[in-house]
Amino acid sequence: MLLGLLFLGYQVFEFTTFGQEGLNLGRNQFGAAFFTLTGFHGTHVSIGVLCLCFTLWRARKGAYTAGNLGGVEIMGLYWHFVDLVWVLLFTIVYLM
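Throughout what follows, the structure given in this document is the object of discussion. In this text, all values refer to a predicted model and were calculated from it rather than measured experimentally.

**Here we look at a nonpolar patch on the surface**
- There is a patch of nonpolar side chains on the surface, built from Leu84, Val87, Leu88, Phe90, Ile92, Tyr94, Leu95 and Met96 and spanning about 830 Å² of accessible area.
- In this structure, Val87 sits in helix H3 (residues 70-95).

If you want it as structure tokens, here you go:
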């Protein structure tokens, strides 16, 4: 959760900095692609952080047992999917 929040904080900083330098959705195709792709990813990270908080809250209330970990497993799969998408986006947007 902490790393997700740090990522979102950095993304806000990056969006603000790029906006001050004149890069935005309407400037060119790179700006449109950059803000759309990374913005959608940031939205999914936000959803993931909220779901992780909910999963932690349920765990503290005793909702999960050794035989009932479905919610934790689904949340783990979602988080790993979002992480994999970021690896692909980072490679395409920042390294290429």
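**A few points about the packing of aromatic side chains**
- Enumeration according to the criterion identifies twelve aromatic pairs in this entry.
- With centroids separated by 5.3 Å and ring planes inclined at 65 degrees, the aromatic side chains of Phe18 and Phe34 adopt a geometry described as edge-to-face. Here Phe18 is found in helix H1 (residues 2-20), whereas its partner Phe34 is found in helix H2 (residues 29-60), with 16 residues between them in sequence.
- Considering the side-chain rings of Phe34 and Tyr94, the 6.1 Å spacing of their centres and the 80 degrees angle between planes classify their relative orientation as edge-to-face. On the criterion of sequence distance, the pair formed by Phe34 in helix H2 and Tyr94 in helix H3 is long-range, its members being 60 residues apart.
- Three or more aromatic residues link up through ring pairs in this structure, and these residues are Phe7, Phe15, Phe18, Phe30, Phe34, Phe35, Trp86, Phe90 and Tyr94.

What counts and what doesn't
Residues numbered from 1 in each chain as written. Predicted model: local features only at pLDDT ≥ 70, side-chain atom pairs only at ≥ 80, totals over all residues. Heavy atoms only, no water. Patch = residues over 30% accessible without salt bridge, like charges linked within 9 Å, V, L, I, M, F, W, Y side chains within 5 Å. Areas by Shrake-Rupley, 256 points an atom, 1.4 Å probe, with all protein chains shown as cover. Salt bridge = Lys/Arg side-chain N within 4 Å of Asp/Glu carboxyl O. Helix = DSSP H or I, 4+ residues; strand = E, 2+ residues; numbered from the N terminus. Phe/Tyr/Trp six-rings, centres within 6.5 Å; stacked < 30°, edge-to-face > 60°.

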